[in-house]
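Residue-level structure breakdown
Each chain, written out:
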Amino acid sequence: MSTIYTTNNCKRSQLILCSRSACFTTNEAQKRETDRLPAMVAITVPISVDAIPLVKCAHAAAAAVPSVDLSAPGAAAAVADACRGVGFFKATNHGVPAALTDALEARAAAFFALPHKDKLEASARPLGYGSKSIGCNGDVGWLEYILLSVGSGSVAAASLPPSLRAALEEYTDAVREVGARVLELMADGLGIAEERRGELRRMVVAPAGDKGGPDELVRVNHYPPCPCPLAAGQRGVTGFGEHTDPQIISVLRSNRTGGLQIMLPEGRWVPVAPDPDSLFINVGDSLQVLTNGRFRSVKHRVVAPAEGQQSRLSVIYFGGPAPTQRIAPLPELMREGEQSLYREFTWAEYKKAAYKSRLGDHRLGPFELPAAVTQEATKADHHCSSNAVQPPAPAPPHVARVH
Ligand SMILES: O=C(O)CCC(=O)C(=O)O
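Keep in mind that this is a model prediction, so the values were computed, not measured. (Residues numbered from 1 in each chain as written. Predicted model: local features only at pLDDT ≥ 70, side-chain atom pairs only at ≥ 80, totals over all residues.)

Points about helix 1 (residues 75-85)
- Taken together, the buried positions of helix 1 are Ala76, Val79, Ala80, Ala82 and Cys83. Angularly, the buried residues of helix 1 cover 160° about the axis, an arc narrow enough to put them on a single face.
- Of the surrounding elements, those touching the buried residues of helix 1 are strand 5 (67-69), strand 6 (88-92), helix 4 (162-189) and strand 16 (279-283).
- Positive backbone phi, at 85°, marks glycine 87, one or two positions downstream of helix 1. (Buried ≥ 20, exposed ≤ 12 C-beta atoms within 10 Å, placed from the backbone. Helix = DSSP H or I, 4+ residues; strand = E, 2+ residues; numbered from the N terminus. Arc of directions from axis to C-beta. Contact = placed C-beta atoms within 7 Å.)

Spelled out as structure tokens, the structure:
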């Protein structure tokens, strides 16, 4: 089966038609210039040339990922600084036992090694097993995954091997606690009075016995090495296209294979060096709203491993609130006269809108109030001075073939 690879490369775009045995190149697969940025390959089935998207990639850049020791005395301030600046940080001394992550990694790897037809038995869109297709609106990447709804002590996945389900349950119970602790540190770092500090935490951790509680998901992503030949200057294939997470907080753990990149506020992509002993914390859209823009929902993406590299395996816990939770700036954070940057919505409303959108859409856009747009424009003017690279356009759809 042939696959079309679209590439673009500093001043030129190419279309490469590639099978395992032969590759053909045509110029001008995309008319848009990418200036200095590109170097990532989008793999796609044959679609009209005009519809083939550009995928941009940063210049090589040293990782600018803050690291916070969660057990250190200054952790609250460091967490808040990281969330204001980048919206993302590496958490060390998080307390999740390595035995849990090792067990989950081994069982997930065994699951992904099953024949495709066996994995499909665990498929129950939009949850369950999936490959290539991300969401219901045409976004795809070079990966396969398991996406599950979780609640304390229950991973909703009847069709998964029981040992994998048990490992996921134990892991998510531990990681939920890390997310909750980090939310308390965030509240502390934001200067919220001690007696109100539990408010963010309570949004993602249901009181014992509460059935209508938070909306939590866990996702296990497997990115096999991609057999796509890369031209000089190209850096990889899209594993997971650029996006922000809609929830409040995401907690990510990966094996030793890199590929995750985050976008810095000035629009540069930087790689996140993998560290299986650490967790990575990600501010989601809802937390950006709850903090009235003080914390930044970070845009991120994954480049799939190249041929010859190890597979990437990542597990992400997404802490979202109950469907009826009102998402609006926390009153205790608002200064006198401060306006909300967003119109109020519930998590159910936002989730519905997110499900209808494309991965790279600016999902908060429709909820922004005019004041927010003005402030964002001012921020962008500020960030795009002199040597800053322009932020890329919203991520386009990518179609990939994993099997
Ligand atoms: O696999 C990763 O490292 C990150 C994937 C991701 O961003 C997601 O699943 O939302």
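Here the narrative resumes.
Re the site of the ligand
- All residues in the neighbourhood of the ligand are listed as Arg219, Asn221, Phe240, Asp245, Leu252, Ser254, Leu260, His300, Val302, Ser314 and Ile316.
- Among the secondary structure elements, those contributing two or more residues to the shell around the ligand are strand 11 (215-223), strand 13 (249-254), strand 17 (300-304) and strand 18 (312-320). (Near = placed C-beta within 6 Å.)

Comments concerning the nonpolar core
- Counting 90 residues, the largest nonpolar core has Val79, Phe88, Phe89, Val182, Met186 and Ile281 as the members making the most contacts within it.
- For this core, the element with the highest residue contribution is helix 4, accounting for 11 residues.
- Setting aside residues up to four positions removed in sequence, valine 182 forms contacts with Val79, Ala91, Ile249 and Ile281. (Core = buried A, V, L, I, M, F, W, Y, C linked by C-beta atoms within 7 Å.)

A few points about the confidence of the model for the protein
- In this model, the protein carries an average pLDDT of 78, and 73% of its residues clear a pLDDT of 70 or more.
- Segment residues 1-62: pLDDT under 50, and 132 contacts once partners within four positions in sequence are set aside and those in other chains are kept.
- Confidence over residues 380-403 falls short of pLDDT 50; this stretch has 63 contacts with residues more than four positions distant or in other chains. (pLDDT = per-residue confidence, 0-100.)

Structural notes on the packing of helix 1 against helix 4
- Close contact between helix 1 and helix 4 brings their axes to 7 Å; oriented N to C, the two are set at 85°. Judged by the inter-axis angle, helix 1 sits roughly perpendicular to helix 4. Of the residues in helix 4, those in contact with Ala75, Ala76, Ala77, Val79, Ala80 and Cys83 of helix 1 are Val182, Leu185, Met186, Asp188 and Gly189.
- Of the residues assigned to the contact of helix 1 with helix 4, the class counts are 9 nonpolar, 1 polar and 1 charged. (Axes fitted to C-alpha atoms, helices over the stretch in contact; angles between N-to-C directions. Parallel < 35°, antiparallel > 145°, perpendicular 65-115°, else oblique. Nonpolar A, V, L, I, M, F, W, Y, C, P; charged D, E, K, R; others polar.)

Some remarks on the environment of aspartate 215
- Mapping aspartate 215 onto the fold places it in strand 11.
- Sequence-distant contacts of aspartate 215, that is, excluding residues within four places in its chain, are made with Gly320, Pro321, Ala322, Pro323 and Trp347.

Things to note about the pairing of strand 13
- Most of strand 13 sits out of view: 6 of its 6 residues are buried.
- The alternating pattern of strand 13 places Ile249, Val251 and Arg253 on one face and Ser250, Leu252 and Ser254 on the opposite face, and all of these are buried.
- Bridge count for strand 13 against strand 16 is 4 bridges, and the pairing is antiparallel. Residue pairing across strands places leucine 252 opposite phenylalanine 280, the latter belonging to strand 16.
- Bridge analysis of strand 13 against strand 18 gives 6 bridges, and the strand direction is antiparallel. Across the sheet, residue isoleucine 249 finds its bridge partner in strand 18, namely glycine 319. (Pairing = 2+ DSSP bridges.)

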